[in-house]
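Observations on chain architecture
Here's the letter readout for the chains.
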Amino acid sequence: MNITLERPFAATGKGNRENNEDCIFPLSELANPGQRFFMVCDGVGGSEKGEVASALACDSFKTFFDTFLEDNDPSEEFINKAVLYTESRFDEYVKLYPEAKGMATTLTFLYVGTSGITIAHIGDSRIYHIRDGKILYATEDHSLVNSWVQLGRITKEEAVVHPQKNVITRAIIGSEHSVNADVKLITDVQPGDSFLMCTDGVTECFTDEKIESLFSHGLNVESLKNFIVEYCADEAKDNFSFYILPIQNVQKMAGYKQYILSLFYSFV
C-alpha cells in the first residue's frame, strides 16, 4: 500500500525537571510528510547521562537504517538488529566515558512502509493508533506496575498512582543487559487515522480517556500539538515529548500500480 502523511507535528519539553533527557527524531522543525521513520526516546540516568542515551539511540537507529535498510519494510529481526547495534554504541560510549555507566533509554519507533505501519517499543514510552476519537491499539508498557496489572495484582487505576509506576523493566542499556523490542505491523490503516508517539511525561498528564477526548473534538493537528504542549508544560512532573502523525491517504498497492501505469500509457 501507499501511505501518505499530512504534516507531522512534534514537541519536546522539560516539564518540571531541570533538564530535558528526552529526544525525538527527526527534530520537529525538520519533520515533513515524506519522512518514513520517527522516534521518541526517554533517557534515564540523570546528570545529563539520560540525555546522551536518548540522543545516541536516535542517532544509532538512523545510522543503521540509512546503512542497511533496502527497499523492503523493516522486519522484526531487522529492528532488533538495530537495537543490538545501538547497544554496541552504548558500550563504546561507556568505555570512553565510564561515568556514563548505567545510562539508559526507552524507545518508540514508527516506520511508514508499503505493507503498513511498523511500530516498535522498549520501555514505558507509548504508541497509540487512533481512529474517530477511539484508541484502536496502544503498546503495553514494559514497567513493573504494568506487569502487576497483567498478573491481576493491581488494577490499571492503581497503577497510575502507584509509587513504583516509573520503574521500567526493559530499556536500552548496553550489551550486558541486551533486550528486544516488541514489534507490530499494523495493516489496518485508513485516511484520517492518527498515530501518537509519546514519553511518560505525556501519559502522566493524559489518560487514555483524555487522549480519546482530545482526538474526538475535530481540532487540527497543530492545535492538538499546542494544547498538549501547554498542558504538559504546566502539569508534567517529567520531561514530555511526542509526535502526532496524521494519515492523509492510503492506496492499495495494486490500485496504485494500476494508477501509475494508466498515467504512463496516457503519455505514450
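Anything mentioned here points back to the structure above.
This structure is a prediction, so every number in the text was calculated from the model and none was measured.

Criteria and thresholds
Sequence order as written defines residue numbering, which begins from 1 separately in each chain. Since the coordinates come from a predicted model, pLDDT governs what is reported: local features require at least 70, and pairs of side-chain atoms require 80 or more to be given and counted, while whole-chain, interface and lining totals use all residues. Each side-chain value is derived from all of the structure's non-hydrogen atoms; neither hydrogens nor water enter the calculation. A run of DSSP states H or I qualifies as a helix once it reaches four residues; a run of E qualifies as a strand once it reaches two. Both are numbered from the N-terminal end. The term nonpolar core refers to a set of buried residues drawn from Ala, Val, Leu, Ile, Met, Phe, Trp, Tyr and Cys, joined through side-chain atoms within 4.5 Å. Burial status follows relative accessibility: with a 1.4 Å probe on protein chains alone, a residue under 20% of its type maximum counts as buried, one over 50% as exposed, and anything between as partly exposed. Positive charge is attributed to Lys and Arg, negative charge to Asp and Glu, and no charge count is given to His or to the chain ends. Definition used for salt bridges: Asp or Glu carboxyl oxygen within 4 Å of a side-chain nitrogen of Lys or Arg. Contacts between residues were defined by any pair of non-hydrogen atoms, one from each residue, lying within 4.5 Å. Axis angles are defined between N-to-C directions and span 0 to 180 degrees, where every axis is a line fitted to C-alpha atoms and, for a helix, only to the segment in contact. Here the angle decides the label: under 35 degrees means roughly parallel, over 145 means roughly antiparallel, 65 to 115 means roughly perpendicular, and every other value means oblique. Take the far helix as your reference; a near helix turned counterclockwise from it by less than a right angle gives a left-handed crossing, and one turned clockwise gives a right-handed crossing. Classes in brief: Ala, Val, Leu, Ile, Met, Phe, Trp, Tyr, Cys and Pro nonpolar; Asp, Glu, Lys and Arg charged; the others, Gly included, polar. Multiplying 1.5 Å by the helix residue count minus one yields the expected span of that helix. Pairing of aromatic rings covers Phe, Tyr and the six-membered ring of Trp, with a centre-to-centre limit of 6.5 Å; geometry is then stacked below 30 degrees between planes, edge-to-face above 60, and tilted otherwise. Our definition puts a charge over a ring when NZ of Lys or CZ of Arg is within 6 Å of the ring centre and also within 35 degrees of the ring normal. DSSP calls a pair of strands paired once it identifies at least 2 bridges connecting them.

The next point concerns the environment of Ser-88. Positionally, Ser-88 belongs in helix α2 (residues 76-96). With 77 residues separating them in the primary sequence, Ser-88 and Lys-165 have C-alpha atoms 29 Å apart.

A word on the nonpolar core. Ranked by size, the top nonpolar core spans 28 residues in total, and within it Met-39, Phe-61, Phe-65, Ile-79, Leu-107, Phe-109 and Ile-122 carry the most contacts. Within the residue set of this core, elements represented by two or more residues are β3 (22-25), β4 (37-44), α1 (49-68), α2, β6 (107-112) and β7 (117-122). The biggest single contributor to this core is α1, with seven residues.

Further remarks concern the side chain of Asp-200. Within the secondary structure layout, Asp-200 lies in helix α5 (residues 200-203). Comment: no salt bridge for buried Asp-200; closest opposite-charge side chain is Arg-17, at 7.1 Å. Filtering out sequence-adjacent residues up to four positions away, Asp-200 remains in contact with Asp-42, Asp-124, Asn-166 and Asp-238.

Another aspect to go through is the packing of α1 against α2. Between α1 and α2, the shortest axis-to-axis distance is 9 Å and the interhelical angle comes to 130 degrees. In terms of axis orientation, α1 runs oblique to α2. The handedness of the crossing between α1 and α2 is right-handed. Judged by residue contacts, Val-52, Ala-53, Leu-56, Ala-57, Asp-59, Ser-60, Phe-61, Thr-63, Phe-64, Phe-65 and Phe-68 of α1 engage Phe-78, Ile-79, Lys-81, Ala-82, Val-83, Tyr-85, Thr-86, Arg-89, Phe-90 and Tyr-93 from α2. Looking at the contact of α1 with α2 residue by residue, the classes come out as 15 nonpolar, three polar and three charged.

One way to put it is that helix α6 (residues 208-215) packs onto helix α7 (residues 221-235) with a least axis distance of 11 Å and a crossing angle of 145 degrees. Here the hand of the crossing between α6 and α7 comes out right-handed. Contact residues: Lys-210, Leu-214 and Phe-215 in α6; Leu-224, Phe-227, Ile-228 and Tyr-231 in α7. The residue inventory of the contact of α6 with α7, partitioned by class, reads six nonpolar, no polar and one charged.

Moving on: α1. Structurally, the α-helix is built with 3.6 residues per turn, so residues lying three or four positions apart point the same way. The terminal C-alpha atoms of α1, which comprises 20 residues, lie 28 Å apart, in line with the 28 Å expected from a rise of 1.5 Å per residue. Those residues of α1 hidden inside the fold are in contact with β3, β4, α2, β5 (104-105) and β6.

Another point: the packing of aromatic side chains. Throughout the structure, instances matching the rule amount to 16 aromatic pairs. With centroids separated by 5.3 Å and ring planes inclined at 25 degrees, the aromatic side chains of Phe-25 and Phe-37 adopt a geometry described as stacked. Taken as a pair, Phe-25 in strand β3 and Phe-37 in strand β4 lie far apart in primary sequence, twelve residues in all. Each member of the pair, Phe-25 together with Phe-37, is buried. Between Phe-37 and Phe-65 the ring centres are 5.2 Å apart and the planes differ by 35 degrees, which places this aromatic pair in the tilted class. Of this pair, Phe-37 sits in strand β4 while Phe-65 is found in helix α1, placing the two residues 28 residues apart along the sequence. You'll find Phe-37 and Phe-65 in the same group, each marked buried. Among the aromatic residues, ring-to-ring pairing joins Phe-25, Phe-37, Phe-61, Phe-64, Phe-65, Phe-68, Phe-78, Tyr-85, Phe-109 and Tyr-111 into one connected group. The side chain of Lys-184 reaches across the aromatic face of Tyr-137, ending 5.0 Å from its centre.

Another aspect to go through is unusual backbone geometry. Residue Phe-25 is joined to Pro-26 through a cis peptide bond whose omega torsion reads -5 degrees. Examined against the element boundaries, Pro-26 turns out to sit in the loop between β3 and β4.

Once that is clear, we can look at the pairing of β3. Side-chain alternation along β3 places Asp-22 and Ile-24 on one buried face and Cys-23 and Phe-25 on a second face that is also buried. Direction of pairing for β3 relative to β4: antiparallel, over a ladder of four bridges. Its bridge partner lying in β4, Asp-22 is registered against Asp-42.

Turning to the pairing of strand β8 (residues 126-131), a few remarks are in order. For β8, a buried count of five out of six residues is recorded, marking the element as mostly surrounded by other parts of the structure. Examined bridge by bridge, β8 and strand β11 (residues 194-198) share five bridges and lie antiparallel to one another. Looking across to β11, one finds that Tyr-128 is bridged to Leu-196. Inspection of the sheet shows β8 paired to strand β9 (residues 134-138) by four bridges, in the antiparallel sense. Paired with His-129 across the strands is Tyr-137, a residue of β9. Counted along the chain from β8 to the antiparallel partner β9, the turn is two residues long, and its residue Asp-132 has a positive phi close to 50 degrees.

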